[in-house]
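Coordinate analysis (summary)
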Amino acid sequence: MSEVVLLDVSERIATVTLNRPEARNALSSEVLRSLPKVMAEADGRDDVDVVVLTGTDPAFCAGLDLKELGTPGANLGGAVPPDQRGPFPPMTKPVIGAINGVAVTGGLELALNCDLLVASTRARFGDTHARVGLLPGWGLTVLLAQAVGVRRAREMSWTGNFLTADDALVAGLVNHVVEHDDLLPFTRRLAADVAGNEQDAVRQLKRTYAAVAEATVEEGWRIEAADARAWRARGFDPTEVARRRDKIMTRGRTQT
């Protein structure tokens with residue numbers, strides 16, 4: 001069986017790749033266990049200055065694995081570990097998301113937890129939490145509003161409609177849009193630009209940006225986490241996800 005999260009290090013850049021292409025890199029329990037460990041390993045390596053997070057084509061990440069969520073629901077509990085805020089531990093080094101395809105719901109949250117985003121022309125971004133019947137737990141209501149503004153964030157969450165790569169660039173969700181075949185080369189060049197600077201300064205700037213944001217959004221993270229826990233405690237029914245899954249996937253295909 002192939003590894004579900006891959007790590008490659010070269011030229012001081014760690015590339016972390018979600019590797020479930022047959023499931024559009026959906027977040028299974030195995031991925032949710034592996035990703036934090038691989039990200040922490042990349043962050044702790046002395047030969048790494050920048051981390052690139054991407055997916056094996058054709059998708060970046062389709063969010064929680066609805067097949068697993070719709071049977072035992074095991075990956076739901078792993079979505080918000082009690083000792084971890086977000087999909088991976090706090091990173092001391094910059095993380096650049098290379099969005100090669102759809103980034104949906106949990107996949108969108110995964111992208112939002114990156115510091116910078118480069119999108120392929122094939123990228124699509126959507127928040128379908130409300131369609132699945134879940135609430136976000138990885139900071140979406142904080143980070144999406146920071147990126148695109150609260151009104152557009154509300155629209156994305158309430159409608160479940162997708163943004164194209166170009167729409168995402170206009171909205172401020174991504175830094176760059178490039179042709180699909182140039183996604184990783186372009187992202188690596190951007191990462192090399194970051195790696196070429198004084199790393200103590202880069203990492204301090206990362207901490208400073210985080211501290212400034214934290215001064216205004218800490219309460220938002222707390223509220224979202226509390227609401228997500230309360231929502232699950234009300235009695236999440238995995239069979240409801242199974243019932244909705246085909247409808248969600250069919251609608252998503254019309255937008256991607």
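One structure accompanies this document, and this report is about it. (Residues numbered from 1 in each chain as written. Predicted model: local features only at pLDDT ≥ 70, side-chain atom pairs only at ≥ 80, totals over all residues. Heavy atoms only, no water.)

1. A closer look at the overall build of the protein
Broken down by element type, the protein carries eleven helices and nine strands. Within the protein, the fraction of its 256 residues that count as buried is 51%. The contacts in the protein between residues at least 6 apart in sequence include a share of 76% that link residues at least 24 apart. Accessible surface computed for the protein: about 12,400 Å², of which carbon and sulfur atoms make up 53%. (Helix = DSSP H or I, 4+ residues; strand = E, 2+ residues; numbered from the N terminus. Buried < 20%, exposed > 50% of the residue type's maximum accessible area, 1.4 Å probe, protein only. Contact = heavy atoms within 4.5 Å. Areas by Shrake-Rupley, 256 points an atom, 1.4 Å probe, with all protein chains shown as cover.)

2. Points about the side chain of Glu 109
Summarising the element assignment, Glu 109 is placed in helix 4 (residues 106-112). Look at Glu 109 and you get buried, because its relative accessible area is 4%. Look past the residues within four positions of Glu 109 in its chain and what remains in contact with it is His 129, Pro 136, Gly 137, Trp 138, Gly 139, Leu 140 and Glu 224.

3. Considerations on the nonpolar core
Counting 53 residues, the largest nonpolar core has Val 16, Met 39, Val 51, Leu 53, Phe 125 and Leu 173 as the members making the most contacts within it. Not counting the four nearest positions on each side in its chain, Val 16 is found in contact with Val 5, Leu 6, Leu 7, Leu 35, Val 38, Met 39, Ala 42, Val 51, Val 52, Leu 53 and Thr 54. Grouped together as the second largest cluster of nonpolar side chains are 13 residues, Val 52, Ile 96, Ala 98 and Val 202 included. (Core = buried A, V, L, I, M, F, W, Y, C linked by side-chain atoms within 4.5 Å.)

4. Considerations on the pairing of strand 2 (residues 13-18)
Counting buried positions along strand 2 gives six out of six residues, so the element sits mostly inside the fold. The alternating pattern of strand 2 places Ile 13, Thr 15 and Thr 17 and Ala 14, Val 16 and Leu 18 on opposite faces, both of which are buried. Two strands pair when backbone bridges link them, and strand 1 (residues 5-10) and strand 2 are joined in this way by six bridges, in the antiparallel orientation. Bridging from a neighbouring strand, Val 9 pairs with Ala 14 of strand 2. In this structure, strand 2 lies alongside strand 3 (residues 50-55), joined through six bridges in parallel fashion. Considered in strand 3, the bridge of Ala 14 is made with Val 51. (Pairing = 2+ DSSP bridges.)

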